[in-house]
Amino acid sequence: MATLLLRKVWGSVLARAGPPRDPDSGSSSSSPRRRGPTAAAEYGSLGALDAVATDVLAQILRLLGPADAARSSAVCRAWRHLASDNGLWAFFLSLGPEPWDLVVFAETHLAAGPASPRSVYYSAVRVPPQLSFKHIYGQRALVPGSIVVDGGSGYCKYGWSKYAAPSGRCATFLEFGNIESPMYARLRHFFSTIYTRMHVKPSARPIVVVLPLCHPDDTESARASRKQYKETLYSVLFDMNVPAVCAVDQALLALYAARRTSGIVVNIGFNATSVVPIFQGRVMHEIGIETVGQGALKLTGFLKELMQRRNISFESQYTVRTIKEKICYVAADYEAELCKDTQASCEVDGEGWFTLAEERFKMAEILFQPHMGGVLAMGLHKAVSLCMDHCYNAEVLGDHSWFKTVVLAGGSSCLPGLPERLEKELHNLLPTYISEGIRVLPPPFGRDTAWFGAKMIGTVSTFPDAWCVNKKQFRQKSRRSGPSLVNAWQ
């Protein structure tokens, strides 16, 4: 009822208002609490409403909504000033489907597009622009919904950028991390399946593809393989008449989802775990990506072995994985945990209840003590500390703090206790001048963290222009064989 009354009053104001008195659109990020003579002289009079507190007028605009607030700009210069308030449009944005902190991060750090290699070395600090939330609100409303496909190392997540979560899951086109030939035919089949399941034509929307880490070395051969893989991906999608394509590394998107542009991403994939240093939005292959030869598959397999030792019967690997996700965790202190009563039970649909004790934390201990599972590899904490040591010695622009934020990614990184244990081990391993200030963050969106990072790009106000490559640009790049197109092939 109150809103209806406000709309009637507002309709009367619009009907009585004359044409705008000043063609210039003066905007301000803050407004005085009351409109006194000075405000009336600078921005024009509101007549009888000059006696009303500005806060009250702002609340009226909030209740009327963004459409009527935008219309008020055409009434007069005074209303234009009120309707251009940054706080008003920040309020409207905060009511949207995207979390407010992610909107601000995306518009501040991602609106300019992907970081180029040169900007990393020649720009010590990216100065955040002065955001106009009114402009951002209008631009985000015009961004077309895009398809987001996270081709993870084991399972693929796909859905719409306008949706709150992925709408489907399936086996990835990499078949658990192994890239095989013929690559073009397999990629084409995979994306055709995705479009069929989503009931959409490839030509209808842009697509954001999350790229799993492959060929991580900084060698000519690895760079050539990464380039070939991306070129094949683009060729497949453009041959299917996709209007625009954005392809971004999985680790980078996980970092974006944590509202960071620099740090180290620890991605526990299906077959392997990768430790990826990223500086100002670029994967630092030249510093070195550490790879540990065990991932989610090994963790599940070791839990299966532990359950078999206790003669616990189960029907499938899926059962073991479900138990792992429900009751397993990482011990803060492995030796101390052995002396505790850690028994717990969980139910698996169709198979009943399962009770585990030491197996709950022994399973994850192979991340730090791989020999327990018969794996000849360095522990996760040692791989991360080695990466940090390389980052410190690289002296990127003399900054020794950019790598001290560690973001976990991948489904198995959701195990309770992993961030705290890894942070503790790093402080024990590294000297104080490196370990001071280290923070290990859990995956902000669980196993779908990379998908949400891609979703952030797909909804930023400058999408698709700042992030996507279209068919014409791709063909021109292929003919030129020159420098990379906005970092598309790096």
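Just so we're clear, the structure is a prediction, and the values are computed from it rather than from any experiment.

A.B. asks: I keep staring at the overall build of the chain and nothing clicks. Help me out?
C.D. replies: When helices and strands are counted, the chain shows 21 helices and 14 strands. Looking at the chain residue by residue over its 490 residues, the buried ones come to 51%. By sequence separation, contacts in the chain at least 24 residues apart represent 66% of the contacts at least 6 residues apart. Surface accessibility of the chain: about 22,500 Å² in total, with carbon and sulfur atoms responsible for 53%.

A.B. asks: Even after reading the chapter, I still don't get helix α12 (residues 250-257), so can you show me in this structure?
C.D. replies: Here α12 lies mainly inside the structure; 8 of its 8 residues are buried. When α12 is considered as a whole, its buried residues turn out to be Q250, A251, L252, L253, A254, L255, Y256 and A257. Phi turns positive, to about 60°, at R259, one or two residues after α12.

A.B. asks: What should I look at first to understand the packing of aromatic side chains in this one?
C.D. replies: The geometry of an aromatic ring pair comes down to the distance between the two centres and the angle between the two planes. Inspection of every chain in the model, using the stated rule, returns 18 aromatic pairs. Taking 4.2 Å as the distance between ring centres and 10° as the angle between the ring planes, the aromatic pair formed by F445 and F452 counts as stacked. In this structure F445 comes out as partly exposed when scored by relative accessible area, which is 25%. Stacked on the ring of F91, the Lys or Arg R62 has its end atom at 4.4 Å from the ring centre. Stacked on the ring of F368, the Lys or Arg R421 has its end atom at 4.3 Å from the ring centre.

A.B. asks: Mind showing me how you'd approach the environment of Y195 here?
C.D. replies: Mapping Y195 onto the fold places it in helix α10 (residues 183-198). In the structure, Y195 is positioned 37 residues away from Y158 in sequence and 9.7 Å away in space, judged by C-alpha atoms. The contact partners of Y195, leaving out residues within four places of it in the chain, are I147, V200, K201, P202, I207, M240 and V242.

A.B. asks: Would you take a moment to explain the confidence of the model for the chain for this structure?
C.D. replies: Any segment with low pLDDT has predicted coordinates that should not be analysed in fine detail. Mean pLDDT for the chain: 83, with 82% of residues reaching 70 or above. Confidence drops under a pLDDT of 50 for residues 16-35, and excluding neighbours within four residues, the segment shows 49 contacts in the predicted structure.

A.B. asks: Sorry if this is basic, but what is going on with unusual backbone geometry here?
C.D. replies: Negative phi characterises most residues that are not glycine, and trans characterises most peptide bonds. At the junction of F463 and P464, the peptide bond is cis and its omega measures out at 5° in the coordinates. Inspection of the secondary structure assignment puts P464 in the loop between α20 (449-459) and β14 (469-470). A positive phi is found at N241, a non-glycine position, where the angle reads about 70°.

A.B. asks: Where do I start with the environment of V148 in this structure?
C.D. replies: As for its placement among the helices and strands, V148 is situated in strand β1 (residues 147-151). Of the residues examined, V148 reaches a relative accessible area of 0% and is grouped as buried. Between the C-alpha atom of V148 and that of V210, which follows or precedes it by 62 residues, the distance is 7.8 Å. V148 has contacts with K157, Y158, G159, S161, V208, W451, A454 and K455, leaving out every residue within four places of it along the chain.

A.B. asks: What is the right way to look at the pairing of strand β6 (residues 263-268) in this model?
C.D. replies: Successive residues of a regular strand alternate their side chains across the two faces of the sheet. Counting buried residues along β6, 6 of its 6 residues qualify, which places the element largely inside the surrounding structure. Linking two consecutive strands that pair antiparallel, namely β6 and strand β7 (residues 273-279), is a turn of 4 residues.

A.B. asks: Got a minute to help me understand the packing of helix α3 (residues 54-64) against helix α6 (residues 86-94) in this structure?
C.D. replies: Two quantities define a packed helix pair, namely the angle between the helix axes and the distance between the axes. Two elements in contact, α3 and α6, have axes separated by 10 Å at closest approach and are oriented at 30°. One element, α3, and the other, α6, form an angle in the roughly parallel class. Two packed elements cross with a definite hand, and for α3 against α6 that hand is right-handed. For the pair α3 and α6, the contacting residues are A58, L61 and R62 in the first and G87, L88, F91 and F92 in the second. Along the lines of polarity and charge, the residues of the contact of α3 with α6 split into 5 nonpolar, 1 polar and 1 charged.

A.B. asks: How should the pattern of salt bridges be read in this particular structure?
C.D. replies: Side-chain pairs of opposite charge can arise whenever the charged atoms involved come near each other. Taken as a whole and judged by the stated rule, the model has 16 salt bridges. Two residues, K340 and E337, come together in a salt bridge whose shortest N-O distance is 3.4 Å. E425 is paired through a salt bridge with R421; the nearest N and O atoms lie 2.8 Å apart. Pair noted here: E425 and R421 are both in helix α18 (residues 418-429), with a separation of 4 residues, about one helical turn. Neither E425 nor R421 differs from the other in exposure class; each is buried. In this structure, a network of salt bridges that share partners links the residues E365, R421 and E425.

A.B. asks: Quick question: what am I supposed to make of helix α11 (residues 220-239) here?
C.D. replies: Taking 1.5 Å of rise per residue, 20 residues should cover 28 Å, and α11 covers 28 Å from first to last C-alpha, within 8% of that figure. Positive phi shows up at N241, right after α11, with a value of about 70°.

A.B. asks: Would you mind going over the sheet that holds strand β3 (residues 168-171) with me for this structure?
C.D. replies: Strands pair in a sheet through their backbones, by hydrogen bonds, and they do so in one of two ways: parallel or antiparallel. Reading across from one edge, β3-β2-β1-β4-β5-β14 is the order of the 6 strands in this open sheet, with mixed pairing throughout. The open sheet is flanked by β3 and β14, the only strands paired with a single partner. Pairing between strand β5 (residues 244-249) and β14: 2 bridges, direction antiparallel. Each residue of the ladder has a partner; that of V245, found in β14, is V469. Sheet strands in contact with α11 are β4 (207-211), β5 and β14, and its direction is about 150° off that of β5.

A.B. asks: I would appreciate a short explanation of the nonpolar core in the present structure.
C.D. replies: Among the nonpolar cores identified, the biggest contains 47 residues, and I264, I323, V384, M388 and L422 are the most heavily contacted of them. It is helix α17 (residues 380-394) that provides the largest number of residues to this core, a total of 6 residues. Apart from the residues within four sequence positions on either side, V384 is in contact with V266, V275, V406, L422 and L426. L252, Y256, A454 and I457 belong to the second largest nonpolar core, which has 37 residues in total.

A.B. asks: So what exactly am I meant to see when it comes to the environment of R188 here?
C.D. replies: By secondary structure assignment, the location of R188 is in helix α10. Owing to a relative accessible area of 33%, R188 belongs among the partly exposed residues under this scheme. For the pair R188 and M240, spaced 52 residues apart in sequence, the C-alpha separation works out to 8.3 Å. In this structure R188 touches V236, D239 and M240, once residues within four positions along its chain are discounted.

Rules used throughout
- Residues numbered from 1 in each chain as written.
- Predicted model: local features only at pLDDT ≥ 70, side-chain atom pairs only at ≥ 80, totals over all residues.
- Heavy atoms only, no water.
- Helix = DSSP H or I, 4+ residues; strand = E, 2+ residues; numbered from the N terminus.
- Buried < 20%, exposed > 50% of the residue type's maximum accessible area, 1.4 Å probe, protein only.
- Contact = heavy atoms within 4.5 Å.
- Areas by Shrake-Rupley, 256 points an atom, 1.4 Å probe, with all protein chains shown as cover.
- Phe/Tyr/Trp six-rings, centres within 6.5 Å; stacked < 30°, edge-to-face > 60°.
- Lys NZ or Arg CZ within 6 Å of the ring centre and 35° of its normal.
- pLDDT = per-residue confidence, 0-100.
- Pairing = 2+ DSSP bridges.
- Axes fitted to C-alpha atoms, helices over the stretch in contact; angles between N-to-C directions.
- Parallel < 35°, antiparallel > 145°, perpendicular 65-115°, else oblique.
- Left-handed = near helix turned anticlockwise from the far one by under 90°.
- Nonpolar A, V, L, I, M, F, W, Y, C, P; charged D, E, K, R; others polar.
- Salt bridge = Lys/Arg side-chain N within 4 Å of Asp/Glu carboxyl O.
- Expected span 1.5 Å × (residues − 1).
- Core = buried A, V, L, I, M, F, W, Y, C linked by side-chain atoms within 4.5 Å.

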